[in-house]
Amino acid sequence: MDGISEITVKSLTYYHDPSAPASLSDINIDLPKGSRTLLIGANGAGKSTLLQILAGKRLVALEGAQILIKGRDVFRDSPPGVTYLGTEWAMNPVVRGDIVVEHFLNSVGGYRHKDRRDRLLDILDVDLDWHMHAISDGERRRVQLCMGLMQSWDVLLLDEVTVDLDVQVRSDLLSFLKEDSEGRGATIIYATHIFDGLNEFPTHIAHMRFGTFVKKPKPWPHTLDERSLDNISGGPDRTLFKIALQWLREDREHRRELEKVGRKTRGARRGQDVPSSSEAFYRKYDYSH
């Protein structure tokens, strides 16, 4: 990494619903070119929203905010070379139709990127004769990754996109992405809930909670001082998994403290009057009238 800022976000606040609390609040990050940042946080922490905004997929009323990739405004001067891959792609009915994988990849320009396409086909173990409507979600995800990565990218935004890959394919893919990033100085932000095998992948890690950064992106493995690690088990063997698990436990405890002072509670609702007889139960939940 050469220290040049590749992704800059300043004073970003975003609302899905103006009448609800902010989905992102006062986000400020500055990531160098060639960095690989891992976003850690519970479901609903704001990771996906942030990645979608960086990809230009959510319109933002800037109002003093600044969102730059490669020195260019994401919305007013869209930068080239930005690739976003999320989980929603595999549910699109278009890519679940009866189309042969080879024809599909060619239709989106695979013939123009033959060397990278072929390498990805091998890494992802894709059968070009598969029919998109007849394959599993994991196999369809492999096709998505081949499609999205076969053209060289400068900035890669990954949102849970490895969730349904088997462990071998995922490991081989991460090795490819790390090599690609190091070889070309390309930048990655990766949101995931799967931390095994990741220790050697990121250059930075960050912790999000309720739409804010508890810990902004900082270098890994030297991202935390000893005080920050006091409550993390494992002694010197402080893996990403253990750090992520500790952070997520802290998130839950933080939320429970907020529930004590009025935040909506989660979990079981004990002490409710639930009908014990089948007649009373079905009378209570009869929606036919």
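For the structure, check the block above.
Criteria and thresholds
Residues numbered from 1 in each chain as written. Predicted model: local features only at pLDDT ≥ 70, side-chain atom pairs only at ≥ 80, totals over all residues. Heavy atoms only, no water. Helix = DSSP H or I, 4+ residues; strand = E, 2+ residues; numbered from the N terminus. Buried < 20%, exposed > 50% of the residue type's maximum accessible area, 1.4 Å probe, protein only. Contact = heavy atoms within 4.5 Å. Areas by Shrake-Rupley, 256 points an atom, 1.4 Å probe, with all protein chains shown as cover. Lys, Arg positive; Asp, Glu negative; His and termini not counted. Charge placed at Lys NZ, Arg CZ, Asp CG, Glu CD. Pairing = 2+ DSSP bridges. Expected span 1.5 Å × (residues − 1). Arc of directions from axis to C-beta. Axes fitted to C-alpha atoms, helices over the stretch in contact; angles between N-to-C directions. Parallel < 35°, antiparallel > 145°, perpendicular 65-115°, else oblique.

1. Some details on the overall build of the protein chain
- Along its length, the protein chain carries seven helices and 10 strands.
- Principal axes of the C-alpha set define a box for the protein chain whose edges measure 65 × 50 × 45 Å.
- For the protein chain, with 289 residues in total, the buried portion stands at 44%.
- Expressed as a percentage of contacts within the protein chain between residues at least 6 apart in sequence, the contacts between residues at least 24 apart total 67%.
- Of the roughly 15,800 Å² of accessible surface on the protein chain, a fraction of 48% belongs to carbon and sulfur atoms.
- Computed over 40 positive and 42 negative side-chain charges, the inter-centroid distance for the protein chain is 5 Å.

2. A word on the sheet that holds strand S1 (residues 5-14)
- Within the open sheet, the four strands sit side by side as S2-S1-S4-S5. Their pairing is antiparallel. Lying at the two open borders of the sheet, with one neighbouring strand each, are strand S2 (24-32) and strand S5 (72-73).
- Across four bridges, the pairing between S1 and strand S4 (residues 66-69) is antiparallel. In the sheet register, Lys-10 faces S4, and the bridge partner there is Gln-66.

3. Re helix H5 (residues 167-184)
- If you check H5, its first and last C-alpha atoms are 26 Å apart, about what 18 residues at 1.5 Å a residue would give, namely 26 Å.
- Buried within H5 are the following residues: Val-169, Arg-170, Leu-173, Leu-174, Phe-176, Leu-177, Asp-180 and Ser-181. All buried residues of H5 project into a common sector of 160° when viewed along the axis, lining one side. Of the exposed residues in H5, the ones pointing more than 90 degrees away from its buried face are Val-167, Gln-168, Glu-182 and Gly-183.

4. Structural notes on the packing of helix H3 (residues 114-123) against H5
- Between H3 and H5, the shortest axis-to-axis distance is 9 Å and the interhelical angle comes to 150°. Compared by their axis directions, H3 and H5 come out roughly antiparallel. Counted together, Arg-116, Arg-119, Leu-120 and Ile-123 of H3 and Val-169, Asp-172, Leu-173, Phe-176, Glu-179, Asp-180 and Arg-184 of H5 form the full contact between these two elements.

5. A look at the sheet that holds strand S8 (residues 187-191)
- Spatial ordering of the open sheet is given by S6-S7-S8-S3-S9-S10, a layout of six strands whose pairing is mixed. Two strands bound the open sheet, and with one partner strand each, they are strand S6 (82-86) and strand S10 (212-219). Sheet twist, expressed as the average angle between the axes of neighbouring strands with direction ignored, equals 10°.
- Summarising the sheet, strand S7 (residues 155-159) and S8 pair through five bridges and their orientation is parallel. Note that in S8 the partner of Val-155 across the bridge is Thr-187.
- This element, H5, spans strand S3 (36-40), S7 and S8 of the sheet and lies at about 150° to S8.
- Of the strands in this sheet, S3, strand S9 (204-209) and S10 are in contact with helix H6 (residues 240-260), which crosses S9 at around 15°.

6. Things to note about the environment of Pro-202
- As for its placement among the helices and strands, Pro-202 is situated in the loop between S8 and S9.
- Pro-202 sits 38 residues away from Leu-240 along the chain, and the two C-alpha atoms are 9.8 Å apart.
- Beyond its immediate stretch of four places on either side in the chain, Pro-202 contacts Arg-36, Leu-38, Trp-220 and Leu-240.

7. Overview of the side chain of Thr-83
- Note on placement: Thr-83 falls in strand S6.
- Beyond its immediate chain neighbours, meaning those up to four positions away, Thr-83 contacts Gly-148, Trp-153, Val-155, Leu-156 and Leu-157.

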